[in-house]
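# Overview (structure and organization)
The primary structure of each chain is shown beneath.
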Amino acid sequence: MSAFTGSARDTASVPGEGGDLLAALLDGMDAALCALDAGGTVTHWNREAERILGWPAAEAVGRRGFDGWAARSADAEETLARVMGAMRTPGRQVHELALLRKDGGRVLVRSQSAGVRGADGRPAGVYCAFSEVHVQIDLERSIALSEALFDDAPWGVVLIDADLRPAVVNAYAARVIGTGRTTLLGRPLGEVLAGGVEELEGALQHVLAEGAPPAPADLWVTPVPAPGAGERRRCWRSGFVRLTSPMTEEPVPLGVAWLFQDVTAERLAAREADRTRFRWSQLHRAGVAAAEYTDPAEAVAVLLDFALAGFADHGLVDRVAGARRLTRAVASPAGAPEAGGLGGGFPQRYGAEHPALQAWDRAGSVRLSAGRDAEEWAAARRWPADTAHALCTALRSRGRTVGVLTFLRTAARGGFDRQDALYAETVAARVAAALELPPLG
(Lines give C-alpha, C1' and ligand atoms only; values in the text may rest on other atoms or scores of the structure.)
Protein backbone atom coordinates (compact mmCIF):
# COMPACT_ATOMS: atom_id res chain seq x y z
CA MET A 1 0.00 0.00 0.00
CA SER A 2 1.47 3.33 -1.03
CA ALA A 3 1.79 5.98 1.65
CA PHE A 4 0.66 8.62 -0.83
CA THR A 5 -2.69 7.51 -2.16
CA GLY A 6 -6.00 9.21 -1.37
CA SER A 7 -6.75 12.07 1.04
CA ALA A 8 -7.54 12.45 4.69
CA ARG A 9 -11.22 12.13 3.77
CA ASP A 10 -10.90 9.69 0.89
CA THR A 11 -8.46 6.86 1.58
CA ALA A 12 -9.68 4.57 -1.20
CA SER A 13 -6.45 2.65 -1.33
CA VAL A 14 -6.74 1.71 2.33
CA PRO A 15 -9.30 -1.08 2.52
CA GLY A 16 -12.13 -1.28 5.06
CA GLU A 17 -11.66 0.06 8.54
CA GLY A 18 -8.00 0.87 7.88
CA GLY A 19 -8.94 3.75 5.62
CA ASP A 20 -11.40 5.14 8.16
CA LEU A 21 -8.78 4.87 10.89
CA LEU A 22 -6.18 6.72 8.81
CA ALA A 23 -8.67 9.48 7.96
CA ALA A 24 -9.65 9.83 11.62
CA LEU A 25 -6.01 9.97 12.72
CA LEU A 26 -5.10 12.64 10.20
CA ASP A 27 -8.17 14.76 10.89
CA GLY A 28 -7.70 14.49 14.67
CA MET A 29 -4.17 15.88 14.65
CA ASP A 30 -3.56 19.23 16.33
CA ALA A 31 -1.09 20.23 13.62
CA ALA A 32 -1.94 20.92 10.02
CA LEU A 33 -0.68 18.12 7.77
CA CYS A 34 -0.30 17.75 4.08
CA ALA A 35 1.60 15.18 2.04
CA LEU A 36 2.99 15.35 -1.49
CA ASP A 37 4.17 12.53 -3.70
CA ALA A 38 7.53 12.48 -5.46
CA GLY A 39 6.13 14.66 -8.25
CA GLY A 40 4.90 17.38 -5.89
CA THR A 41 1.20 16.50 -6.06
CA VAL A 42 -0.82 16.90 -2.87
CA THR A 43 -2.05 13.50 -1.63
CA HIS A 44 -3.21 14.27 1.94
CA TRP A 45 -4.81 17.34 3.54
CA ASN A 46 -6.31 17.25 7.04
CA ARG A 47 -8.90 19.36 8.87
CA GLU A 48 -6.34 21.56 10.64
CA ALA A 49 -4.78 22.46 7.28
CA GLU A 50 -8.25 23.36 6.08
CA ARG A 51 -8.84 25.50 9.19
CA ILE A 52 -5.62 27.47 8.76
CA LEU A 53 -5.77 28.03 4.99
CA GLY A 54 -9.48 27.64 4.25
CA TRP A 55 -8.93 25.12 1.46
CA PRO A 56 -10.97 21.91 1.92
CA ALA A 57 -9.39 18.54 1.16
CA ALA A 58 -11.59 18.12 -1.90
CA GLU A 59 -10.00 21.20 -3.48
CA ALA A 60 -6.46 20.62 -2.24
CA VAL A 61 -5.81 16.94 -2.94
CA GLY A 62 -4.65 16.30 -6.52
CA ARG A 63 -3.12 19.72 -7.10
CA ARG A 64 0.54 19.89 -8.08
CA GLY A 65 2.51 22.34 -5.97
CA PHE A 66 1.00 25.47 -4.48
CA ASP A 67 0.90 27.83 -7.44
CA GLY A 68 -2.39 29.61 -7.96
CA TRP A 69 -4.01 28.57 -4.71
CA ALA A 70 -1.92 28.11 -1.53
CA ALA A 71 0.97 30.43 -2.50
CA ARG A 72 1.54 33.44 -4.69
CA SER A 73 2.87 32.66 -8.14
CA ALA A 74 6.08 34.55 -7.33
CA ASP A 75 6.69 32.37 -4.28
CA ALA A 76 5.14 29.07 -5.36
CA GLU A 77 8.19 27.40 -6.96
CA GLU A 78 10.51 28.35 -4.09
CA THR A 79 7.93 27.16 -1.53
CA LEU A 80 7.54 23.81 -3.30
CA ALA A 81 11.30 23.39 -3.63
CA ARG A 82 11.86 24.01 0.06
CA VAL A 83 9.18 21.48 1.05
CA MET A 84 10.30 18.82 -1.45
CA GLY A 85 13.94 19.33 -0.42
CA ALA A 86 13.23 17.15 2.61
CA MET A 87 12.81 14.16 0.30
CA ARG A 88 16.53 14.18 -0.46
CA THR A 89 17.80 15.17 3.00
CA PRO A 90 17.82 12.96 6.09
CA GLY A 91 15.95 14.16 9.17
CA ARG A 92 13.43 16.98 9.37
CA GLN A 93 13.66 20.31 7.61
CA VAL A 94 12.19 23.39 9.35
CA HIS A 95 11.10 26.38 7.25
CA GLU A 96 8.94 29.45 7.56
CA LEU A 97 6.63 29.71 4.55
CA ALA A 98 4.33 32.51 3.37
CA LEU A 99 1.09 30.84 2.23
CA LEU A 100 -2.27 32.10 0.95
CA ARG A 101 -5.68 31.55 2.49
CA LYS A 102 -8.62 30.78 0.28
CA ASP A 103 -10.01 34.25 1.03
CA GLY A 104 -6.81 35.81 -0.34
CA GLY A 105 -5.19 36.66 3.00
CA ARG A 106 -1.57 35.74 3.67
CA VAL A 107 -0.41 33.68 6.62
CA LEU A 108 3.11 32.88 7.82
CA VAL A 109 3.52 29.27 8.91
CA ARG A 110 6.36 27.27 10.39
CA SER A 111 6.69 23.89 8.67
CA GLN A 112 8.49 20.66 9.45
CA SER A 113 9.01 18.45 6.42
CA ALA A 114 10.29 14.88 6.32
CA GLY A 115 10.89 12.61 3.37
CA VAL A 116 9.20 9.21 3.02
CA ARG A 117 10.63 6.25 1.14
CA GLY A 118 8.73 3.52 -0.61
CA ALA A 119 9.05 -0.23 -0.16
CA ASP A 120 11.96 -0.27 -2.62
CA GLY A 121 13.84 2.34 -0.57
CA ARG A 122 13.46 5.08 -3.16
CA PRO A 123 12.07 8.56 -2.24
CA ALA A 124 8.27 8.42 -2.43
CA GLY A 125 7.29 11.88 -1.30
CA VAL A 126 7.14 14.25 1.65
CA TYR A 127 5.00 14.77 4.73
CA CYS A 128 4.73 18.42 5.83
CA ALA A 129 3.29 19.47 9.20
CA PHE A 130 2.75 23.18 9.73
CA SER A 131 1.21 25.67 12.16
CA GLU A 132 0.82 29.42 12.28
CA VAL A 133 4.06 31.04 13.39
CA HIS A 134 2.49 32.87 16.34
CA VAL A 135 1.18 29.55 17.70
CA GLN A 136 4.63 28.02 17.47
CA ILE A 137 6.21 31.09 19.06
CA ASP A 138 3.70 30.93 21.92
CA LEU A 139 4.62 27.30 22.48
CA GLU A 140 8.34 28.06 22.43
CA ARG A 141 7.83 30.94 24.84
CA SER A 142 5.93 28.66 27.22
CA ILE A 143 8.71 26.09 27.10
CA ALA A 144 11.37 28.77 27.55
CA LEU A 145 9.45 30.25 30.49
CA SER A 146 9.20 26.86 32.17
CA GLU A 147 12.91 26.22 31.75
CA ALA A 148 13.81 29.68 33.04
CA LEU A 149 11.58 29.30 36.10
CA PHE A 150 13.22 26.04 37.05
CA ASP A 151 16.77 27.20 36.40
CA ASP A 152 17.32 30.91 37.00
CA ALA A 153 14.22 32.28 38.76
CA PRO A 154 14.93 34.50 41.81
CA TRP A 155 12.04 32.88 43.68
CA GLY A 156 11.04 29.36 44.60
CA VAL A 157 8.90 27.32 42.21
CA VAL A 158 7.51 23.96 43.29
CA LEU A 159 5.02 21.92 41.29
CA ILE A 160 2.80 20.01 43.72
CA ASP A 161 0.83 17.02 42.41
CA ALA A 162 -2.76 16.23 43.35
CA ASP A 163 -1.50 14.14 46.29
CA LEU A 164 0.26 17.23 47.72
CA ARG A 165 3.76 15.93 47.00
CA PRO A 166 6.46 17.89 45.15
CA ALA A 167 6.85 16.81 41.53
CA VAL A 168 9.31 19.46 40.31
CA VAL A 169 11.48 21.79 42.44
CA ASN A 170 13.70 24.61 41.24
CA ALA A 171 17.12 25.50 42.64
CA TYR A 172 15.95 28.50 44.71
CA ALA A 173 13.23 26.47 46.46
CA ALA A 174 15.62 23.64 47.29
CA ARG A 175 18.16 26.10 48.69
CA VAL A 176 15.61 27.93 50.86
CA ILE A 177 14.06 24.71 52.17
CA GLY A 178 17.54 23.40 52.85
CA THR A 179 17.69 20.22 50.81
CA GLY A 180 18.48 18.93 47.33
CA ARG A 181 16.15 19.30 44.35
CA THR A 182 15.72 15.56 43.83
CA THR A 183 15.53 14.85 47.57
CA LEU A 184 12.17 16.63 47.79
CA LEU A 185 10.48 14.79 44.94
CA GLY A 186 7.57 12.60 45.98
CA ARG A 187 8.04 13.20 49.70
CA PRO A 188 5.22 14.40 51.99
CA LEU A 189 5.62 18.06 52.90
CA GLY A 190 5.61 17.10 56.58
CA GLU A 191 9.01 15.46 56.11
CA VAL A 192 10.69 18.73 55.13
CA LEU A 193 8.68 21.22 57.21
CA ALA A 194 8.64 20.95 60.99
CA GLY A 195 6.12 23.77 61.39
CA GLY A 196 3.48 25.41 59.22
CA VAL A 197 2.82 22.32 57.12
CA GLU A 198 -0.89 22.24 58.06
CA GLU A 199 -1.38 25.80 56.82
CA LEU A 200 0.50 25.08 53.59
CA GLU A 201 -1.41 21.87 52.86
CA GLY A 202 -4.67 23.65 53.64
CA ALA A 203 -3.81 26.35 51.11
CA LEU A 204 -2.89 23.75 48.46
CA GLN A 205 -6.13 21.83 49.00
CA HIS A 206 -8.12 25.06 48.69
CA VAL A 207 -6.40 25.90 45.40
CA LEU A 208 -7.08 22.41 44.02
CA ALA A 209 -10.75 22.67 44.95
CA GLU A 210 -11.55 26.36 44.46
CA GLY A 211 -8.74 27.91 42.45
CA ALA A 212 -5.99 30.36 43.31
CA PRO A 213 -6.57 33.11 45.92
CA PRO A 214 -6.72 36.69 44.59
CA ALA A 215 -3.45 37.78 46.22
CA PRO A 216 -0.23 36.25 47.59
CA ALA A 217 -0.14 35.32 51.27
CA ASP A 218 2.56 35.15 53.94
CA LEU A 219 3.18 31.63 55.28
CA TRP A 220 5.29 31.19 58.41
CA VAL A 221 7.02 27.82 58.30
CA THR A 222 9.87 26.01 60.03
CA PRO A 223 11.98 23.80 57.74
CA VAL A 224 13.29 20.61 59.31
CA PRO A 225 16.75 21.61 60.59
CA ALA A 226 19.92 19.88 59.50
CA PRO A 227 21.60 17.67 62.14
CA GLY A 228 23.20 19.91 64.75
CA ALA A 229 21.45 23.06 63.50
CA GLY A 230 18.73 24.94 65.36
CA GLU A 231 15.22 25.55 64.10
CA ARG A 232 14.73 28.64 61.98
CA ARG A 233 11.25 30.03 61.48
CA ARG A 234 10.85 31.58 58.04
CA CYS A 235 8.24 33.72 56.29
CA TRP A 236 7.57 32.78 52.66
CA ARG A 237 5.49 35.14 50.53
CA SER A 238 3.48 32.59 48.53
CA GLY A 239 1.34 32.61 45.43
CA PHE A 240 -0.51 29.63 43.97
CA VAL A 241 -1.74 28.65 40.50
CA ARG A 242 -3.99 25.67 39.86
CA LEU A 243 -2.79 23.51 36.98
CA THR A 244 -5.41 21.80 34.81
CA SER A 245 -5.04 19.60 31.78
CA PRO A 246 -5.69 21.30 28.42
CA MET A 247 -6.29 17.88 26.86
CA THR A 248 -9.67 17.18 28.48
CA GLU A 249 -13.13 18.62 27.94
CA GLU A 250 -13.65 19.22 31.66
CA PRO A 251 -10.86 20.84 33.72
CA VAL A 252 -8.95 18.10 35.53
CA PRO A 253 -6.61 19.38 38.30
CA LEU A 254 -3.07 18.18 37.71
CA GLY A 255 -1.69 19.92 40.78
CA VAL A 256 -0.60 23.34 41.98
CA ALA A 257 2.27 25.61 41.03
CA TRP A 258 3.55 27.11 44.28
CA LEU A 259 5.72 30.22 43.86
CA PHE A 260 7.33 31.84 46.88
CA GLN A 261 10.07 34.15 48.12
CA ASP A 262 11.75 34.21 51.51
CA VAL A 263 10.77 37.56 53.03
CA THR A 264 11.71 36.75 56.63
CA ALA A 265 14.15 39.64 57.00
CA GLU A 266 11.67 42.17 55.65
CA ARG A 267 8.81 40.90 57.83
CA LEU A 268 10.93 40.84 60.98
CA ALA A 269 12.18 44.36 60.28
CA ALA A 270 8.61 45.59 59.75
CA ARG A 271 7.47 43.82 62.93
CA GLU A 272 10.30 45.36 64.92
CA ALA A 273 9.48 48.81 63.53
CA ASP A 274 5.81 48.40 64.48
CA ARG A 275 6.76 47.17 67.95
CA THR A 276 9.15 50.07 68.52
CA ARG A 277 6.60 52.59 67.28
CA PHE A 278 3.93 51.18 69.61
CA ARG A 279 6.22 51.10 72.65
CA TRP A 280 7.37 54.69 72.30
CA SER A 281 3.79 55.77 71.75
CA GLN A 282 2.89 54.00 75.00
CA LEU A 283 5.70 55.77 76.82
CA HIS A 284 4.50 59.12 75.56
CA ARG A 285 0.93 58.42 76.64
CA ALA A 286 2.16 57.10 80.01
CA GLY A 287 4.17 60.26 80.66
CA VAL A 288 1.19 62.48 79.84
CA ALA A 289 -1.12 60.43 82.07
CA ALA A 290 1.33 60.15 85.00
CA ALA A 291 1.83 63.92 85.04
CA GLU A 292 -1.75 64.32 86.28
CA TYR A 293 -1.13 62.46 89.57
CA THR A 294 0.17 64.14 92.73
CA ASP A 295 1.01 60.86 94.50
CA PRO A 296 4.32 59.37 93.21
CA ALA A 297 3.06 55.81 93.80
CA GLU A 298 0.00 56.45 91.64
CA ALA A 299 2.15 58.01 88.91
CA VAL A 300 4.43 54.95 88.98
CA ALA A 301 1.40 52.64 88.76
CA VAL A 302 0.17 54.50 85.67
CA LEU A 303 3.60 54.30 84.04
CA LEU A 304 3.72 50.57 84.75
CA ASP A 305 0.22 49.91 83.40
CA PHE A 306 1.05 51.58 80.10
CA ALA A 307 4.42 49.80 79.85
CA LEU A 308 2.85 46.35 80.30
CA ALA A 309 0.62 46.63 77.20
CA GLY A 310 1.94 44.17 74.62
CA PHE A 311 5.16 43.75 76.59
CA ALA A 312 4.67 41.63 79.73
CA ASP A 313 2.00 40.10 81.97
CA HIS A 314 3.14 41.44 85.35
CA GLY A 315 5.13 44.43 86.50
CA LEU A 316 6.68 44.84 89.97
CA VAL A 317 8.39 47.85 91.53
CA ASP A 318 10.47 47.10 94.62
CA ARG A 319 12.01 49.98 96.52
CA VAL A 320 15.32 49.96 98.39
CA ALA A 321 14.72 49.81 102.17
CA GLY A 322 18.17 49.23 103.58
CA ALA A 323 21.14 46.95 102.94
CA ARG A 324 20.02 44.40 100.32
CA ARG A 325 16.41 44.84 101.38
CA LEU A 326 13.57 45.59 98.99
CA THR A 327 9.95 46.41 99.76
CA ARG A 328 7.06 46.22 97.31
CA ALA A 329 6.01 49.69 96.15
CA VAL A 330 3.75 48.97 93.15
CA ALA A 331 2.43 45.83 91.44
CA SER A 332 0.59 45.73 88.13
CA PRO A 333 -1.97 44.73 87.06
CA ALA A 334 -3.78 46.15 90.03
CA GLY A 335 -5.70 43.61 92.07
CA ALA A 336 -3.30 40.73 91.49
CA PRO A 337 -2.99 38.72 94.72
CA GLU A 338 0.14 40.38 96.09
CA ALA A 339 1.71 39.74 92.63
CA GLY A 340 3.60 36.86 94.21
CA GLY A 341 5.18 38.96 96.98
CA LEU A 342 4.52 40.84 100.20
CA GLY A 343 2.86 44.23 100.27
CA GLY A 344 2.30 46.64 103.12
CA GLY A 345 5.92 47.76 103.31
CA PHE A 346 7.25 44.37 104.46
CA PRO A 347 10.68 43.37 103.10
CA GLN A 348 10.53 40.88 100.23
CA ARG A 349 11.85 37.41 101.07
CA TYR A 350 14.34 37.31 98.25
CA GLY A 351 17.27 34.89 98.42
CA ALA A 352 20.83 36.12 98.10
CA GLU A 353 20.95 35.12 94.41
CA HIS A 354 17.57 36.56 93.49
CA PRO A 355 17.56 38.25 90.02
CA ALA A 356 16.24 41.51 91.52
CA LEU A 357 19.23 41.67 93.86
CA GLN A 358 21.56 40.78 90.98
CA ALA A 359 20.16 43.71 88.98
CA TRP A 360 20.70 45.94 92.03
CA ASP A 361 24.31 44.79 92.36
CA ARG A 362 25.02 45.29 88.66
CA ALA A 363 23.09 48.57 88.40
CA GLY A 364 21.77 47.11 85.15
CA SER A 365 19.47 44.43 83.76
CA VAL A 366 19.14 40.68 84.29
CA ARG A 367 17.17 38.39 81.92
CA LEU A 368 16.29 34.77 82.62
CA SER A 369 13.74 32.06 81.74
CA ALA A 370 12.39 28.98 83.51
CA GLY A 371 13.31 25.46 82.57
CA ARG A 372 10.96 22.49 82.73
CA ASP A 373 9.82 23.05 86.33
CA ALA A 374 8.51 26.56 85.74
CA GLU A 375 6.12 26.58 88.69
CA GLU A 376 8.83 25.63 91.21
CA TRP A 377 11.22 28.07 89.54
CA ALA A 378 8.72 30.92 89.94
CA ALA A 379 7.80 29.98 93.52
CA ALA A 380 11.47 29.98 94.58
CA ARG A 381 11.74 33.59 93.38
CA ARG A 382 8.45 34.74 94.93
CA TRP A 383 6.81 35.38 91.57
CA PRO A 384 3.34 34.38 90.29
CA ALA A 385 3.05 30.64 89.58
CA ASP A 386 2.53 31.12 85.82
CA THR A 387 5.78 33.05 85.33
CA ALA A 388 8.14 31.63 82.69
CA HIS A 389 10.33 34.63 81.76
CA ALA A 390 11.65 37.54 83.81
CA LEU A 391 13.51 40.80 83.27
CA CYS A 392 14.83 42.76 86.25
CA THR A 393 16.41 46.19 85.86
CA ALA A 394 17.75 48.63 88.44
CA LEU A 395 15.92 51.88 89.14
CA ARG A 396 18.63 54.54 89.02
CA SER A 397 18.14 58.15 90.10
CA ARG A 398 20.79 60.80 90.84
CA GLY A 399 23.65 58.32 90.70
CA ARG A 400 22.22 55.67 93.02
CA THR A 401 19.93 52.65 92.86
CA VAL A 402 16.53 53.42 94.43
CA GLY A 403 14.84 50.15 93.61
CA VAL A 404 14.32 47.37 91.05
CA LEU A 405 11.74 47.10 88.26
CA THR A 406 10.70 43.56 87.30
CA PHE A 407 8.72 42.48 84.25
CA LEU A 408 7.30 38.95 84.11
CA ARG A 409 5.91 36.94 81.20
CA THR A 410 3.98 33.68 81.09
CA ALA A 411 4.91 30.75 78.86
CA ALA A 412 2.49 32.08 76.20
CA ARG A 413 5.06 34.76 75.37
CA GLY A 414 8.66 34.39 74.30
CA GLY A 415 11.64 35.24 76.46
CA PHE A 416 12.96 38.79 76.81
CA ASP A 417 15.60 39.85 74.30
CA ARG A 418 18.12 42.69 74.16
CA GLN A 419 15.62 45.11 72.62
CA ASP A 420 13.20 44.32 75.43
CA ALA A 421 15.92 45.13 77.96
CA LEU A 422 16.54 48.53 76.33
CA TYR A 423 12.85 49.33 76.52
CA ALA A 424 12.66 48.18 80.15
CA GLU A 425 15.61 50.39 81.07
CA THR A 426 13.87 53.38 79.49
CA VAL A 427 10.72 52.65 81.48
CA ALA A 428 12.86 52.21 84.60
CA ALA A 429 14.40 55.67 84.19
CA ARG A 430 10.91 57.23 84.15
CA VAL A 431 9.69 55.10 87.04
CA ALA A 432 12.74 56.03 89.13
CA ALA A 433 12.24 59.74 88.44
CA ALA A 434 8.57 59.52 89.43
CA LEU A 435 9.36 57.41 92.50
CA GLU A 436 11.81 59.98 93.81
CA LEU A 437 9.39 62.89 93.59
CA PRO A 438 8.17 64.03 97.01
CA PRO A 439 4.36 63.98 97.49
CA LEU A 440 2.71 67.39 97.14
CA GLY A 441 1.48 68.78 100.43
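Structural data are supplied above this passage.
The structure reproduced in this document is the subject of the present report. Nothing here was measured: the structure is a model prediction, and the numbers come from that model.

Pairing is antiparallel across the open sheet formed by six strands, whose spatial order is 7-6-11-10-9-8. Two strands bound the open sheet, and with one partner strand each, they are strand 7 (166-169) and strand 8 (193-195). The sheet shows a mean angle of 45 degrees between the axes of neighbouring strands, direction not considered. Sheet topology places strand 8 next to strand 9 (residues 217-223); two bridges connect them, and they run antiparallel. Bridge pairing in strand 9 links Gly195 to Thr222. Docked against the sheet, helix 7 (residues 197-210) engages strand 6 (156-161), strand 8, strand 9, strand 10 (234-244) and strand 11 (253-262), running at close to 25 degrees with respect to strand 10.

Below, the discussion takes up helix 4 (residues 73-84). In this model, helix 4 (12 residues) spans 17 Å end to end at C-alpha, consistent with the 16 Å of a helix rising 1.5 Å per residue. Along helix 4, the residues that are buried comprise Asp75, Ala76, Thr79, Leu80, Val83 and Met84. The buried side chains of helix 4 occupy one side of the element, clustering within an arc of 155 degrees when seen end-on. In helix 4, the exposed positions angled more than 90 degrees off the buried face are occupied by Ala74, Glu77 and Glu78.

Here we take up the packing of aromatic side chains. Inspection of every chain in the model, using the stated rule, returns 13 aromatic pairs. Between the aromatic rings of Phe311 and Tyr423, the centroid separation amounts to 4.9 Å while the plane-to-plane angle is 70 degrees, which identifies the pairing as edge-to-face. Taken together, the residues Phe311 in the loop between helix 9 (296-308) and strand 12 (314-320) and Tyr423 in helix 12 (residues 418-435) connect sequence positions 112 residues apart. Grouping residues by exposure puts Phe311 and Tyr423 together as buried. Through a chain of ring-to-ring contacts, three or more aromatic side chains come together here, namely Trp45, Trp55, Phe66, Trp69 and Phe130. Positioned above the aromatic ring of Tyr423, the side-chain terminus of Arg279 is 5.0 Å from the ring centre. Between the NZ or CZ atom of Arg409 and the centre of the ring of Phe311, over which it lies, the distance is 5.2 Å.

Moving on, we get to the pattern of salt bridges. In the structure shown here, the tally under the stated rule is 25 salt bridges. Taking the shortest distance from any N to any O, the salt bridge between Arg187 and Glu191 comes out at 3.0 Å. Residue classification places Glu191 among the partly exposed positions, given a relative accessible area of 42%. Here Arg234 makes a salt bridge to Asp262, at a shortest N to O gap of 3.2 Å. Of the two residues, Arg234 is situated in strand 10 and Asp262 in strand 11; the sequence distance between them amounts to 28 residues. Bridged by salt links that share partners, the residues Glu272, Arg275, Arg279, Arg409, Asp417 and Asp420 form one connected network.

With that settled, the discussion passes to the environment of Leu164. Relative to the helices and strands, Leu164 is located in the loop between strand 6 and strand 7. A C-alpha to C-alpha distance of 7.3 Å links Leu164 and Leu204, two positions 40 residues apart in sequence. Excluding residues within four positions of it along the chain, Leu164 makes contact with Leu189, Glu201, Leu204, Gln205 and Leu208.

Within the largest apolar cluster, 29 residues are counted, with the highest numbers of intra-cluster contacts made by Phe311, Val317, Leu395, Leu405, Phe407 and Val427. Listing elements by their share of this core, those giving two or more residues are helix 8 (264-290), helix 9, strand 15 (387-397), strand 16 (400-410) and helix 12. The dominant element in this core, judged by the number of residues it contributes, is helix 12, at nine residues. Sequence-distant contacts of Val427, defined by excluding residues within four places in its chain, comprise Leu283, Ala307, Leu405 and Phe407.

So, on to unusual backbone geometry. With an omega dihedral of 5 degrees, the bond running from Ser332 to Pro333 counts as a cis peptide bond. Along the chain, Pro333 turns up in the loop between strand 13 (326-332) and helix 10 (355-362). Positive phi outside glycine occurs at Ala363, with the angle close to 55 degrees. Inspection of the secondary structure puts Ala363 in the loop between helix 10 and strand 14 (365-369).

Analysis parameters
- Residues numbered from 1 in each chain as written.
- Predicted model: local features only at pLDDT ≥ 70, side-chain atom pairs only at ≥ 80, totals over all residues.
- Heavy atoms only, no water.
- Pairing = 2+ DSSP bridges.
- Helix = DSSP H or I, 4+ residues; strand = E, 2+ residues; numbered from the N terminus.
- Axes fitted to C-alpha atoms, helices over the stretch in contact; angles between N-to-C directions.
- Contact = heavy atoms within 4.5 Å.
- Expected span 1.5 Å × (residues − 1).
- Buried < 20%, exposed > 50% of the residue type's maximum accessible area, 1.4 Å probe, protein only.
- Arc of directions from axis to C-beta.
- Phe/Tyr/Trp six-rings, centres within 6.5 Å; stacked < 30°, edge-to-face > 60°.
- Lys NZ or Arg CZ within 6 Å of the ring centre and 35° of its normal.
- Salt bridge = Lys/Arg side-chain N within 4 Å of Asp/Glu carboxyl O.
- Core = buried A, V, L, I, M, F, W, Y, C linked by side-chain atoms within 4.5 Å.

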